[in-house]
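Residue strings, one per chain:
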Amino acid sequence: MIRTHTCGELRITDVNKNVQLTGWVQRRRDLGNLTFIDLRDRYGITQLVFSTEINKDLLEKARDIHREYVIQITGIVRERENKNPNLPTGDIEIVVQELKILNPSLTPPFTIEDNTDGGEELRMTFRYLDLRRNPLKNNLILRHKLALETRKYLDSLGFLEIETPFLIKSTPEGARDFVVPSRMHKGTFYALPQSPQTFKQILMVAGYDRYFQIVRCFRDEDLRADRQPEFTQIDCEMSFVEREDILQTFEGLIRHLFKSVKGIELPKFLRMSYEDAMNFYGSDKPDLRFDMKFVHLTNVFKNKGFKVFDSAEIIVGINLKQQAQATRKQIDEWTEFAKSPKVGSSGLIYIKYNEDGSIKSSIDKFFTTEQLKEVLEISNAQPGDLILILAGEKIKTLKGMGQLRLHIAHQLNLIPTNTYACLWVVDFPLFEYDEEEQRWVSMHHPFTSPIGDLSGNIADIKANAYDMVINGTEVGGGSIRIHNKEIQKKVFELLGFTEEEAMRQFGFLMNAFEYGAPPHGGIAFGFDRLTALLCGVDSIRDVIAFPKNNAGKDTMIDAPSEINPKQLEELGLIIDPNVYKN
Ligand code: ASP
């Protein structure tokens, strides 16, 4: 090694030691006959001193050293006069005796500080500089610890980490696949896996009993906020289990991760049906750090002669505690939000229950005080509260109210920080109707086992599926799987597959089910999202070393990029124009 210590290591007990350090120049301060350099590496920062008293030439040399130069020094540790309690090495400094520039640096295009002046695009292009900053470095260290603790926990329960292939077969179900052309078999394509779903199920058929993998997955979806075309999952599967076993095992994993990596003891995980989540929070991933549970007002309001309500399928309200004093302007802003495409409502109705007990509403003309009082009672309103009401088509109105609930909670700072509200959402519908495609699609994926059988109204069939939600973020989801060929075939039939199509795409799995498939189930966690949650950052880009930007590009390496015609030809992707002559 060309160093004896790292830049985060030396303490007061090391005083008088002769040491050699290496690192990057964080900053230089020149004060008359003294120069200080903060030397940085992954482990921390150590202050170096140069002075005319010790060595004038060396001081001159130090003054030619700039930000991000890589240097090596030899010197003696001494106690600092002005200690820095914010720095683990803040009690000491190094009196430099020898200085060697290992590599100079151009002036970086943004400052390498915790709060940088660099814009996102610049930071992405110079990712190696961005990665030198503490916030990113700490996130990646935490990510590493999470991966390590995941492996420890699952290993202790007998899970085996098994790799599955990246070059697989494209299937139109689910999101869009990234495809890779085959050179050896021109005109054919591999697809990159959206998840190892079918492989992990095959591993269960093969008797591996407990599998996991921290694995990259690829989805060619339109880029919505904070989505990455490649992302990482903690992917897991178990045999001979029921739903309860999975929930216990993986609640255990998440508890272990929070405890071992952050020292946080998570509260009890609640359980909520999909139906309740939608009815009372307008979301399948409700944020339960705050209340504002919906009140259902359809029975009170409908068929009382007010057209907006009479034509509505559903009428729901939320009680905003102590907001009766909300200004006209404030209510107008909420109304605008309710009318925005995000909510898509025709308007927002309010009832103010004033401190003095009087009631003022935007529907005074249509309802008696008695009727409004009944609403206040159902809503558990106290003087000073404000009720906001949306009416319309069921799912749209519930989801819209869910959005409004979140919007207001953020705006009024009603969401406590440093708390974790964890729950399992269960009993999802097996299918949902896709308006765009005009057909029924799987809500999770087609391998999810129904609860009960597949007869009856397709909309009413429930899935043996579950999502883990923390603070309104879906961190994981999975299901008990179908392990019977006939049921699997029937699901494909309900999804509109012909038997041939189903066999062509998923025959390998259905055939495997005929050779002793055990009952099995599993789950996958979004590792990036989970890490972001534990790092307390909003964007998953801040927990991925080399993410794509929000246009799906890597601006550091310039990908995606064109490939040369020769490559295209080799892959059979350019058709030789001569072939078509005459
Ligand atoms: N493969 C599923 C997904 O990626 C998760 C699971 O069912 O285990 O969402």
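Residues numbered from 1 in each chain as written. Predicted model: local features only at pLDDT ≥ 70, side-chain atom pairs only at ≥ 80, totals over all residues. Heavy atoms only, no water.

**Student:** Help me understand the overall build of the protein, please; the structure alone is not making it clear to me.
**Tutor:** Looking only at helices and strands, the protein has 16 helices and 24 strands in total. Taken along its principal axes, the extent of the C-alpha atoms in the protein is 90 × 80 × 60 Å. For the protein, the residues scored as buried account for 48% of the 582 residues in total. Relative to all contacts within the protein whose residues are 6 or more apart in sequence, the contacts with residues 24 or more apart total 65%. When the 73 positive and 83 negative side-chain charges of the protein are each reduced to one mean point, those points stand 3 Å apart. (Helix = DSSP H or I, 4+ residues; strand = E, 2+ residues; numbered from the N terminus. Buried < 20%, exposed > 50% of the residue type's maximum accessible area, 1.4 Å probe, protein only. Contact = heavy atoms within 4.5 Å. Lys, Arg positive; Asp, Glu negative; His and termini not counted. Charge placed at Lys NZ, Arg CZ, Asp CG, Glu CD.)

**Student:** Looking at this structure, I do not really get the site of the ligand. What am I missing?
**Tutor:** In the region of the ligand, the neighbouring residues are Ser195, Gln197, Lys200, Arg219, Gln233, His445, Gly477, Gly478, Arg481, Ile523 and Ala524. A distance of 3.0 Å separates an oxygen atom of the ligand from a polar atom in the side chain of glutamine 233. Computed on the free molecule, the ligand has an accessible area of 270 Å², of which 84% lies beneath the protein chains in the complex. Secondary structure elements with two or more residues in the shell around the ligand: helix 5 (197-205), strand 23 (473-480) and strand 24 (520-526). Residues of the shell around the ligand, tallied by class, amount to two nonpolar, six polar and three charged. (Near = heavy atom within 4 Å. Polar contact = N/O pair within 3.5 Å; in protein donor to acceptor, adjacent residues only side chain to side chain. Areas by Shrake-Rupley, 256 points an atom, 1.4 Å probe, with all protein chains shown as cover. Nonpolar A, V, L, I, M, F, W, Y, C, P; charged D, E, K, R; others polar.)

**Student:** Can you help me understand the sheet that holds strand 13 (residues 314-320) in this one?
**Tutor:** Through backbone hydrogen bonds, the strands of a sheet pair up, either in parallel or in antiparallel fashion. Pairing is antiparallel in the open sheet, where five strands are placed in the order 12-13-16-14-15. The sheet terminates laterally at strand 12 (295-296) and strand 15 (359-361), the two strands that pair on one side only. Sheet topology places strand 14 (residues 349-353) next to strand 16 (residues 386-392); four bridges connect them, and they run antiparallel. If you follow isoleucine 349 over to strand 16, its bridge partner there is isoleucine 389. (Pairing = 2+ DSSP bridges.)

**Student:** Would you take a moment to explain the pairing of strand 22 (residues 465-470) for this structure?
**Tutor:** The element strand 22 is extensively covered by neighbouring structure, given that six of its six residues are classed as buried. Of the pairings in the sheet, the one linking strand 17 (residues 422-426) to strand 22 comprises five bridges and is antiparallel in character. Along strand 22, the bridge assignment pairs valine 425 with aspartate 467. Of the pairings in the sheet, the one linking strand 22 to strand 23 comprises six bridges and is antiparallel in character. Bridged to aspartate 467 within strand 23 is glycine 477.

**Student:** I would appreciate a short explanation of the packing of helix 13 (residues 485-494) against helix 14 (residues 499-512) in the present structure.
**Tutor:** For any two helices packed against each other, one specifies the inter-axial angle together with the distance between the axes. Two numbers describe how helix 13 lies on helix 14: the axes approach to 11 Å, and their chain directions differ by 145°. The two elements helix 13 and helix 14 cross, and the hand of that crossing is right-handed. Counting all contacts with helix 13, which are made through Lys485, Gln488, Lys489 and Phe492, the residues of helix 14 involved are Glu499, Ala502, Met503, Phe506, Met510 and Asn511. Its residues assigned to classes, the contact of helix 13 with helix 14 shows five nonpolar, two polar and three charged. (Axes fitted to C-alpha atoms, helices over the stretch in contact; angles between N-to-C directions. Left-handed = near helix turned anticlockwise from the far one by under 90°.)

**Student:** Sorry if this is basic, but what is going on with the side chain of glutamate 149 here?
**Tutor:** Structurally, the position occupied by glutamate 149 is in helix 4 (residues 134-156). Residues in contact with glutamate 149, not counting those within four places in the same chain, are His256, Leu257, Ser260 and Val261.

**Student:** Which parts of the structure should I look at to understand the environment of alanine 421?
**Tutor:** With respect to the helices and strands, alanine 421 occurs in the loop between helix 12 (394-411) and strand 17. Here alanine 421 falls in the buried class, since its relative accessible area comes to 13%. Sequence-wise, alanine 421 and threonine 35 are 386 residues apart; in three dimensions their C-alpha atoms are separated by 51 Å. Not counting chain neighbours up to four residues away, the residues in contact with alanine 421 comprise Leu288, Arg289, Val469, Ile470 and Asn471.

**Student:** I would appreciate a short explanation of the packing of aromatic side chains in the present structure.
**Tutor:** Working definition: an aromatic ring pair is given by the centre-to-centre distance plus the angle between the planes. By the definition in use, this model includes 20 aromatic pairs. Geometrically, the ring pair formed by phenylalanine 306 and phenylalanine 367 is edge-to-face, given 5.9 Å between the ring centres and 85° between the ring planes. Here phenylalanine 367 lies in the loop between strand 15 and helix 11 (369-378) and phenylalanine 306 lies in the loop between helix 8 (298-301) and helix 9 (307-310), a separation of 61 residues in the sequence. For the pair formed by phenylalanine 306 and phenylalanine 367, the shared burial category is buried. Among the aromatic residues, those joined into a ring-pair cluster are Phe301, Phe306, Phe309, Phe366 and Phe367. (Phe/Tyr/Trp six-rings, centres within 6.5 Å; stacked < 30°, edge-to-face > 60°.)

**Student:** Just to check I follow, could you spell out the sheet that holds strand 3 (residues 44-51) for this structure?
**Tutor:** The strand order around the closed barrel formed by five strands is 1-2-3-5-4, and the pairing between neighbours is mixed. Neighbour-to-neighbour, the strand axes of this sheet turn through a mean angle of 55°, independent of strand direction. Sheet topology note: the strand 3/strand 5 (residues 92-103) ladder contains two bridges and is parallel. Paired with valine 49 across the bridge in strand 5 is valine 95.

**Student:** Just to check I follow, could you spell out the nonpolar core for this structure?
**Tutor:** Across soluble globular proteins, nonpolar side chains show a tendency to be buried alongside one another. By size, the foremost hydrophobic cluster in this structure holds 42 residues, and its most contacted members are Phe250, Ile254, Trp424, Ile470 and Phe525. Among the elements that make up this core, the one with the highest residue count is helix 6 (residues 243-262) (eight residues). Dropping the residues within four chain positions of it, isoleucine 254 is found in contact with Leu266, Phe269, Met468, Ile470, Phe525 and Leu530. The next biggest cluster of nonpolar side chains, apart from the first, holds 33 residues, and it includes Ala277, Val425, Ala502 and Ala517. (Core = buried A, V, L, I, M, F, W, Y, C linked by side-chain atoms within 4.5 Å.)

Fair warning: the whole summary comes from geometry, so function is off the table for now.
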